[in-house]
Amino acid sequence: MAVLNEEQQMLKDMAADWARERMPVTALRALYDHGGGGRAEALGYDPDAWAEMAQMGWTGIVAPLEHGGSDFGCMGLGLVLEQLGRTLAASPLLSSALIAVSALRLGGNAAQQARWLPGLADGSVIGTLAVEEGPHHAPERTALVATPAGDGWTLNGIKRPVQDGMIAHLAIVVARVEGGGGDRDGLRLFLVPTDAPGLTREPLDQIDARRPATFTLTNVAVGADALLGGADLLDQLLDRAAIGMAAEMLGIADQAFDTTLDYLKTRVQFGAIIGSFQALQHRAADLFGELQLARSAVEAALVAIDNDDPALPRLASLAKAIVGETVHVISQQMVQLHGGIGMTHEHDAGLYLKRACVAAQCYGSTAWHRERWARLNRY
Amino acid sequence: MRAMVESAAIEDQDFRLEARAWLAAHFPPALANVPGLLFQGSRAAADANPDYQLWRAAMTGKGWGVPNWASRYGGAGLTMAQGKIIGEELTAIGGFNPIRSYGTMMLGPTLLEYGNEAQKLEHLPFIASHERRWCQGFSEPGAGSDLASLTTRCTDMGDHWLVSGQKIWTSGADEADWCFALVRTDTSRKHGGISFLLIDMASEGIEARPIVLISGSTHFCEVFFNDVKVPKGNLVGEVNQGWTIAKRLLQFERNSLSEVKADITPLAPLAHDYVGTDALGRIDSPDLRARMVRNAMRHEAYLATVRRIAQEAKNGGPSNGVSTLKNLWSGIIQERSELLVEMMGANGLGWAGEPYSDAEREATHAWLHSKAFSIYGGSYEVQNNITAKHTLGLPG
Ligand SMILES: Cc1cc2nc3c(=O)[nH]c(=O)nc-3n(C[C@H](O)[C@H](O)[C@H](O)COP(=O)(O)OP(=O)(O)OC[C@H]3O[C@@H](n4cnc5c(N)ncnc54)[C@H](O)[C@@H]3O)c2cc1C
């Protein structure tokens, strides 16, 4: 565990308590339909819980003071995301408080910041990044086009999956103004209110009940003031997205491990607590080791954001890839070590397995980040 | 000797051609590669499918669902080699054995060894025609890996047995006609107090409650026995001899679980579609590609291992290496399911509805279900314990 200052420690403890009490795994279960997938009418989040998060100031942790934030830093928000990950708490905190706020902080001009940051910071506006268009993370292959129209732009194309897309008010849409697939120079980011005429959205029934969206943009008109930045800003955002997701995954892995460890200490077979079998002791010890690597990688990446460390891109990919592997193995072992009960929908193991799989795919899979890390390190 | 081997090979070749022709004439092409109708599929779906019913009737008439069983038991009295040939020819046309069930894989072979003639005649023909579905009532809430600690009570009432207790994780119990169960007939001994009983699921006092799995299917149940009367003649083998019979049955189960399944469709073409290719036509993610290759190579080596072990064993029965094979197979197939979902990316994360295709949803559900392969039929860890002790001679 990184050495936390007193305020960070308090925030972390508070988030841990709140998640346990207010958003335990049973809250997520309530979003599920029979056996898996999201309930048709559910939006994949709890508006009341979101309001409480906003009240506690979490939505403004990374926002600047002058726009209603606390400027507390990404490490702080990472601690909260990790605690929410522990109970699989479904909320748009990552999409809105980290990614959307960062987008405006890093790429917004004074007018754009004044227009959007206060709402994002106080939680009345939910923001998200609309980047993916196909099954695999490939921002440079963006096909959604932005064509100049008057002094503004017209957007046409599809985004899928958009995390928290059904509940977002503001989407930061990645579009192409020139060039073909693979050409990053032609990419631009646009601020698009989700109630803009021509934007329709459909929920996706996903294994983790979170219901991201498909956005269809048909001649969506935005003004000149919607333009936020280009590929470099997108890279910065995606680094933050990957790190935020890695923080959540660390929490998922940590709790999956703790729950499993408890089971190893209580389940009796062959007249012994199964945790007394050396095979399982070694498995637990190995997983514990993996968790150490994961925690270090995630914390190093969070610190790097706050320190404007030039190594940030490499550390982002390190965190996402390492924790991706860890959460993969641990969620799988959670099912395995619980035996038959781990295979039932009634038990939490399956929920951890499903969320872990979704999280691992978001903002670049383990394979994608391993590949990127290799490139950045000249392998 | 050599001449005998050669003439057997010629006979096999003749038989292969005969089997190929018969299957071509009888297997409904509409059923090719229809996984939902395999033995774990829903009974209602199978019953409602006229092609399936035709296919089942044809195989029943021919005795080829259980080709090695004697014809009085509903089989075709064929050699092991001929049975294998039928399986291979079926696989080649994307077919499946419509009779394959817990009855054919587990109970049938066990009854053949331990049942009396009356029991065989009463049950085997119905297994061979797939008219009676069976479930396996072994596990209990407190008896999973440590199966012998089971507590479901079976009391001798003179003219019948009286059974009380609870089973769990009983696959297909809600759709089964009969259950082969392990029950406790002596509480003073652990392994030596267990008996093997055949129970009609229509008996009074039985309740099967489906449990939802993480894959969304509900193919297993908890089963409650409340003072269930079972006829005296339904005990297989001797009283308190059940553990020996169960061990044999579990060998059959593991053997069938590690059996070479249908040749699996290669993943590479799918990856080309989902992930794209580089300038040299290779899967456009070196990392994913390397892991896919490793998995495919292990799969190929696994198939070769099964063939080699079968040749070495020659007797056809389950061998010592079964635990090893089961773990290798479950590992390879689980990893394969993951690779498939991974290459589908966000399309592999769907549960239901648009825009996920049937194949994508099926892959996702199969991935979740595959987690059970290393749990049921003796968990991964327990198989390794068996290998360590019995194959490698390690103490403990
Ligand atoms: C999908 C599915 C279908 C099933 N169908 C049937 C069925 O039809 N009929 C039936 O009777 N049963 C069925 N089972 C039950 C299955 O056989 C048991 O789940 C299995 O034997 C494990 O028992 P358990 O669940 O009690 O786990 P436990 O025995 O409690 O094991 C928990 C964990 O501890 C490990 N462990 C236990 N002992 C040791 C040891 N000595 N050394 C190292 N590790 C150990 C296990 O490997 C496992 O990882 C099914 C299970 C599943 C998942």
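The structure contained in this document is the topic of the report that follows. Keep in mind the model is a prediction, meaning the values are calculated, not measured.

## Quick notes on the overall build of chain A
When helices and strands are counted, chain A shows eleven helices and eleven strands. The C-alpha atoms of chain A give 21 Å as radius of gyration, which agrees with the globular expectation for 379 residues (21 Å, within 12%). Per-residue burial over chain A gives 60% buried out of 379 residues. Partitioning the contacts of chain A with sequence separation of at least 6, the portion at a separation of at least 24 is 73%. Surface summary for chain A: the accessible area is close to 14,200 Å², and the carbon and sulfur share equals 53%. For chain A, the centre of its 30 positive side-chain charges and the centre of its 44 negative side-chain charges are spaced 5 Å apart.

## Some words on the pattern of salt bridges
Per the counting criterion, the structure on display carries 39 salt bridges over all chains. Here Asp156 of chain B makes a salt bridge to Lys232 of chain B, at a shortest N to O gap of 2.6 Å. You can see Asp156 of chain B sitting in strand β2 (residues 153-156) and its partner Lys232 of chain B sitting in the loop between β7 (220-231) and β8 (235-236), a full 76 residues away along the chain. When its relative accessible area of 44% is taken as the criterion, Asp156 of chain B is described as partly exposed. Classification of Lys232 of chain B as partly exposed rests on a relative accessible area of 29%. Linked by salt bridges that have partners in common, Glu82, Arg86, Asp254, Asp258, Arg295 and Glu299 of chain A make up one network.

## Points about the packing of aromatic side chains
Remark: the centre distance and the inter-plane angle together describe each pair of aromatic rings, the angle taken between the planes. All names here are of chain B. One pass over the structure, following the stated rule, counts 18 aromatic pairs over all chains. When the centroid spacing of 5.9 Å and the interplanar angle of 55° are considered together, the rings of Phe15 and Trp64 count as tilted. Pair noted here: Phe15 is in helix α1 (residues 2-26) and Trp64 is in the loop between α3 (50-62) and α4 (80-92), with a separation of 49 residues, a long-range link. Accessibility classification places Phe15 together with Trp64 in one group, the buried group.

## Details of the pairing of strand β1 (residues 127-130) of chain A
Residues and elements named next belong to chain A. Burial along β1 is two-sided: Gly127 and Leu129 and Thr128 and Ala130, pointing in opposite directions, are all buried. Examined bridge by bridge, β1 and strand β4 (residues 170-176) share four bridges and lie parallel to one another. Bridging across to β4, Leu129 finds its partner in Ile172.

## What about the nonpolar core?
One broad trend across soluble globular proteins is that nonpolar side chains are buried collectively. Ranked by size, the top nonpolar core spans 115 residues in total, and within it Trp58, Leu84, Leu93, Leu120, Leu129 and Tyr363 of chain A carry the most contacts. Residue contributions to this core peak at 15 residues, all from helix α7 (residues 231-266) of chain A. In terms of nonpolar packing, the next biggest core, distinct from the first, is built from 29 residues, Met105, Leu150, Trp243 and Ile245 of chain B among them.

## Some thoughts on the site of the ligand
Lining the immediate surroundings of the ligand are 27 residues, of which Arg267 of chain A together with Ser145, Trp169, Ser379 and Glu381 of chain B lie closest. Within the side chain of Glu381 of chain B, an N or O atom sits 2.6 Å from an oxygen atom of the ligand. With respect to the ligand, the side chain of Asn385 of chain B contributes an N or O atom lying 3.1 Å from a nitrogen atom. In the shell around the ligand, the residues fall into twelve nonpolar, 13 polar and two charged.

## So, unusual backbone geometry
What you tend to see is this: most non-glycine residues have negative phi, and most peptide bonds are trans. Between Arg160 of chain A and Pro161 of chain A the backbone carries a cis peptide bond, its omega angle lying at -10°. Mapped onto the secondary structure, Pro161 of chain A falls in strand β3 (residues 152-162). Of note in this structure, Asp164 of chain A is not a glycine but carries a positive phi near 55°. Note that Asp164 of chain A resides in the loop between β3 and β4. The residue Trp169 of chain B is not glycine, and still its phi comes out positive at about 60°. The topology assignment puts Trp169 of chain B in strand β3 (residues 160-171). The class for Trp169 of chain B is partly exposed, based on a relative accessible area of 24%.

## Quick look at the side chain of Glu89 of chain B
By the element assignment, Glu89 of chain B lies in helix α4. With residues near it in sequence (within four places) discarded, Glu89 of chain B still touches Arg16, Arg20 and Leu23 of chain B.

## Observations concerning the interface of chain A and chain B
Contacts between the two partners involve 41 residues from chain A, matched on the other side by 47 residues from chain B. For the pair chain A and chain B, the two sides together bury roughly 3,600 Å², of which 62% comes from carbon and sulfur. The largest per-residue losses of area from chain A upon contact with chain B belong to Phe270, Gln336 and Met343 of chain A, which jointly make up 18% of the total buried on that side. Inspection of the region where chain A meets chain B yields two salt bridges. A salt bridge links Arg283 of chain A to Glu381 of chain B, with the shortest nitrogen-to-oxygen separation between them at 2.7 Å.

## Things to note about the side chain of Ser91 of chain A
Examined against the element boundaries, Ser91 of chain A turns out to sit in the loop between α4 (74-86) and α5 (93-107). Ignoring anything within four residues of it in the chain, the contact list for Ser91 of chain A reads Tyr45, Trp50, Met53, Leu84, Asp164 and Arg210 of chain A.

## Side note on the pairing of β4 of chain A
Residue and element names in this part refer to chain A. Counted residue by residue, β4 has seven buried out of seven residues, so it is predominantly covered. Strand direction decides the pairing type here: β4 and strand β5 (residues 187-193), joined by seven bridges, are antiparallel. Residue pairing across strands places Leu170 opposite Pro193, the latter belonging to β5.

What counts and how
Residues numbered from 1 in each chain as written. Chains lettered and ligands numbered in written order. Predicted model: local features only at pLDDT ≥ 70, side-chain atom pairs only at ≥ 80, totals over all residues. Heavy atoms only, no water. Helix = DSSP H or I, 4+ residues; strand = E, 2+ residues; numbered from the N terminus. Rg over C-alpha atoms; globule rule 2.2 N^0.38 Å. Buried < 20%, exposed > 50% of the residue type's maximum accessible area, 1.4 Å probe, protein only. Contact = heavy atoms within 4.5 Å. Areas by Shrake-Rupley, 256 points an atom, 1.4 Å probe, with all protein chains shown as cover. Lys, Arg positive; Asp, Glu negative; His and termini not counted. Charge placed at Lys NZ, Arg CZ, Asp CG, Glu CD. Salt bridge = Lys/Arg side-chain N within 4 Å of Asp/Glu carboxyl O. Phe/Tyr/Trp six-rings, centres within 6.5 Å; stacked < 30°, edge-to-face > 60°. Pairing = 2+ DSSP bridges. Core = buried A, V, L, I, M, F, W, Y, C linked by side-chain atoms within 4.5 Å. Near = heavy atom within 4 Å. Polar contact = N/O pair within 3.5 Å; in protein donor to acceptor, adjacent residues only side chain to side chain. Nonpolar A, V, L, I, M, F, W, Y, C, P; charged D, E, K, R; others polar. Buried area = accessible area lost by both parts, 1.4 Å probe.

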